[in-house]
Amino acid sequence: DAIGEVTYKATSGVGASRFAQNLGKYLLEYAKVIPGGMLVFFPKYSLIDVTLREWHTSRLFAQISDQKHIVCESRGASGFADTLAQFNRGNATGKGSLMLAVFRGKVSEGIDFKDDSARAVFCVGIPFPNVFDVKVKTKRDFNDLPKSRQKGMLTGSAWYSAQAYRAYNQALGRCIRHPKDYAALFLVDARFREGGQYMMNNISKWIRKSVTACGSVNESVRNVDEFFKRTKKMLLEKEIKTESTDAPADETQNPESPVEYRAHRNENIFNAIGCEDNRKLCDAMDALHQAALRCEEPMRVNAIAKATTSIRALTYKVTNGSKLAKPGPGKVEGVGKSIGAQIDYFLEHDKFERMEYYLRGERMPH
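Residues numbered from 1 in each chain as written. Predicted model: local features only at pLDDT ≥ 70, side-chain atom pairs only at ≥ 80, totals over all residues. Heavy atoms only, no water.

Turning to the nonpolar core, a few remarks are in order. Judged by nonpolar contacts, the single largest core of 34 residues is most densely connected at Y26, I34, L100, F122 and F186. Sorting the residues of this core by element identifies α1 (14-31), β1 (38-42), α2 (45-57), α3 (60-67), β3 (97-102), β4 (120-124), β5 (184-188) and α11 (217-246) as the ones contributing at least two each. Once you skip the residues sitting within four places of it in the chain, L100 turns out to touch V40, F42, I48, L52, W55, I70, V71, C72 and E73. The next biggest cluster of nonpolar side chains, apart from the first, holds 28 residues, and it includes F41, V71, A101 and A164. (Core = buried A, V, L, I, M, F, W, Y, C linked by side-chain atoms within 4.5 Å. Buried < 20%, exposed > 50% of the residue type's maximum accessible area, 1.4 Å probe, protein only. Helix = DSSP H or I, 4+ residues; strand = E, 2+ residues; numbered from the N terminus. Contact = heavy atoms within 4.5 Å.)

The following block contains the structure:
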């Protein structure tokens, strides 16, 4: 509610300056309490340009920079590697970075920002396609044709909304990439509060049940600050408790050994959520995802990441990939027939068939 409805009217003309100033003040308060990186997604690059220009004319850019290293997603693919490197350098300092990016861009699809890489995602506005775009208009009209309706296709309006929320949910999913990861997600548009359940039904199910609305920014910032402090404390206590239980007796006698012991371990803190028997598979899928970033199309890269996240959360050992993809009670979200087949191949051969292609910078033939 602090930002209001992020529409074309509210972010253009005389409203552009007010929007940029309000957003800057809003992000500044959260930057003071959020550890690690922050991702902020906009509907279009021109809105980032306007926002930055307004921040530079006031003290906001300097004030936010005191808290986070500000980085902007570059247009096109040429400068993206440098942008990502700048973002990572800011995070490496311990200060954290703040990335301004766009929905449907390289940052929002196909790249994981796990752990301190991104402890918060802010989705500003709703990325509806340009209603005046000829391709968009043609597609909407086509979906509204009687023959399209007879085939069970979405109406033009339903298709139009689906495109927006697909991109929105893709952006929200850039962080929280494994069972012990955590982050705060922000739906920055008053329409979500005003629209109630109707609007919330467009958000991924795993997010809906955890959404809360605050009466003010100050209340929200306090809640976020408490969340990170509480979560960090809980994880540390859980880790120390696990180590004190599992560590050899001679190590537990040495006050310094738990620290050294922890440094050499890769413990899954939330054992009740994940299954240790799947660690090898998940590690291999992480490697597959990283290799796919070199040459695969964004949607397939993101599909691998989504499947990996779902499998990490399983409480049972994976023994058959095809069963995970089969519709029914055993269906695992994000695992389709193609990925299910790749998992079966891995279980039999201890490697992914696609990996050898990705390592050569090639896509696997279909």
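For the rest of this paragraph, the subject is the side chain of H178. Its location among the elements puts H178 in the loop between α7 (156-172) and β5. Taking relative accessible area as the criterion, H178 reaches 12% and is therefore assigned buried. Only 2.7 Å separates the side chain of H178 from the side chain of D115, close enough to count as a polar contact. Non-local contacts of H178, meaning those with residues more than four positions away in its chain, are made with K114, D115 and R312. (Polar contact = N/O pair within 3.5 Å; in protein donor to acceptor, adjacent residues only side chain to side chain.)

Taken as a whole and assessed by the stated rule, the structure comprises 12 salt bridges. As a salt-bridge pair, D225 and K229 come within 3.3 Å of each other at their nearest N and O atoms. Of this pair, D225 and K229 are both found in helix α11, four residues apart, which corresponds to roughly one turn of the helix. Note that R360 is salt-bridged to E362, the shortest N-O span being 3.3 Å. Here the residues in one salt-bridge network are D116, R119 and D181, joined through shared partners. (Salt bridge = Lys/Arg side-chain N within 4 Å of Asp/Glu carboxyl O.)

This brings us to empty space enclosed by the protein. Enumeration over the complete set of coordinates arrives at one cavity of 30 Å³ or more. Here the largest cavity is characterised by a volume of approximately 40 Å³. Every residue lining the largest cavity is listed: M285, L288, I304, I339, Q342, I343, F352 and R354. Among the secondary structure elements, those contributing two or more residues to the lining of the largest cavity are α14 (279-292) and α17 (337-349). Here the element with the most residues in the lining of the largest cavity is α17; it accounts for three residues. (1 Å grid on protein atoms, 1.4 Å probe; cavity = no way out; pocket = protein on both sides within 12 Å on 5 of 7 lines; lining within 4 Å. Points joined across faces, edges and corners; volume = space filled by probe spheres on them.)

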